Amino acid sequence: RAMFYAIQVALQVQGMWLVDLRKAEFRFLHPILAKKKIKLRIARGRKFKFNPLQVPFGVDPYAYAAQAADLLVKVLNLPPRASTLLQSTIIKLYKKYGIFSGSLQYPTLFHLFEAVRTDKAANSQAKQAILDSLDLLLLSLGAEVLGYHRGWMADKLAVEKLAIELAMLPEIAKDMVLNWLIVSEFTSRIARGVSNPKMDLWICFDEGQRLFSQRKETQSTHGSATTEQAGL
């Protein structure tokens, strides 16, 4: 059914993200869409090049520091007090790298890890929770995915037809890729005042039961970041 919808919708929208969380079936649409002169690109999870601390198009860096901290709290399943430490650390990194002065050389999650690790004034419990979870994410995706000061821009991907294959990634890495995509693009649209436009981006998840029904055991009051953004 998802493939049937995708074939119809591809003729009507500029961008389309077909997300395979368990298999790699959306790629079979490539020859079908090619006959309609539509190019479907295959984007494998370990070929992504993105930086979750990179400020989306049209968004104020101060505002995005809070968004990025909130994103990491949800994806990494951190306690609420970790959000304050993350936000303040991200703002310090933005100042260090000149982001508020217009620099496009954004700090990466590797820089964030090191900044938190060396912060002697940080709350010890929040600090350790961040380091433990962030270390797992960095090991899962590595520098070949997360090591870019300036990676792919979500607004550029939003005008592409993509089959996004995440089957071989650990769950925490899947959550990071998807939440970065959705949060970045939706945050950008809200910041730019885009409201009720004609549909130009269609997102479809296959095998997404875990992503949308998960209830993580955590002290955090936050729900699924993807679910919240989809609702918005």
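Above: the structure in question.
Let me sum up the structure you'll find in this document.

1. Describing the environment of A143
Okay, step 1: Mapped onto the fold, A143 is located in helix α7 (residues 143-146).
Okay, step 2: Judged by its relative accessible area of 46%, A143 falls in the partly exposed class.
Okay, step 3: It is 9.2 Å that separates the C-alpha atoms of A143 and K49, two residues lying 94 residues apart in sequence.
Okay, step 4: Those residues in contact with A143 that lie beyond four places of it in its chain are F110 and Y148.

2. Some remarks on the sheet that holds strand β4 (residues 201-206)
Okay, step 1: Read from one edge to the other, the open sheet built from four strands follows the order β2-β3-β1-β4, with strand pairing classed as parallel. Unpaired on one side and paired on the other, β2 (41-44) and β4 mark the two borders of the sheet. Neighbouring strand axes in the sheet, compared pairwise and without regard to direction, differ in orientation by 20 degrees on average.
Okay, step 2: Alignment of β2 against strand β3 (residues 161-165), held across four bridges, turns out to be parallel. Across the sheet, R44 pairs through a bridge with E165, a residue of β3.
Okay, step 3: Relative to β4, helix α1 (residues 2-9) is tilted by about 165 degrees, and along the sheet it contacts β1 (15-20) and β4.
Okay, step 4: Docked against the sheet, helix α9 (residues 171-191) engages β1, β3 and β4, running at close to 160 degrees with respect to β4.

3. Here we look at the pattern of salt bridges
Okay, step 1: Counted according to the given criterion, the structure contains ten salt bridges.
Okay, step 2: Residues E185 and R189 are paired through a salt bridge, measuring 2.6 Å at the closest nitrogen-oxygen approach. Here R189 and E185 lie together in helix α9, a separation of four residues that amounts to about one turn.
Okay, step 3: Of the charged contacts, one joins R189 and D200 as a salt bridge, the two residues approaching to 3.0 Å between their closest N and O atoms. On the criterion of sequence distance, the pair formed by R189 in helix α9 and D200 in the loop between α9 and β4 is long-range, its members being eleven residues apart.
Okay, step 4: A single network of salt bridges, built from pairs that share partners, joins R22, E171 and K174.

4. Describing α9
Okay, step 1: In this model, α9 (21 residues) spans 29 Å end to end at C-alpha, consistent with the 30 Å of a helix rising 1.5 Å per residue.
Okay, step 2: Burial analysis of α9 places 17 of its 21 residues in the buried class, which makes it a mostly covered element.
Okay, step 3: Of the residues one or two after α9, G193 is the one with positive phi, at around 75 degrees.

About the criteria used
Residues numbered from 1 in each chain as written. Predicted model: local features only at pLDDT ≥ 70, side-chain atom pairs only at ≥ 80, totals over all residues. Heavy atoms only, no water. Helix = DSSP H or I, 4+ residues; strand = E, 2+ residues; numbered from the N terminus. Buried < 20%, exposed > 50% of the residue type's maximum accessible area, 1.4 Å probe, protein only. Contact = heavy atoms within 4.5 Å. Pairing = 2+ DSSP bridges. Axes fitted to C-alpha atoms, helices over the stretch in contact; angles between N-to-C directions. Salt bridge = Lys/Arg side-chain N within 4 Å of Asp/Glu carboxyl O. Expected span 1.5 Å × (residues − 1).

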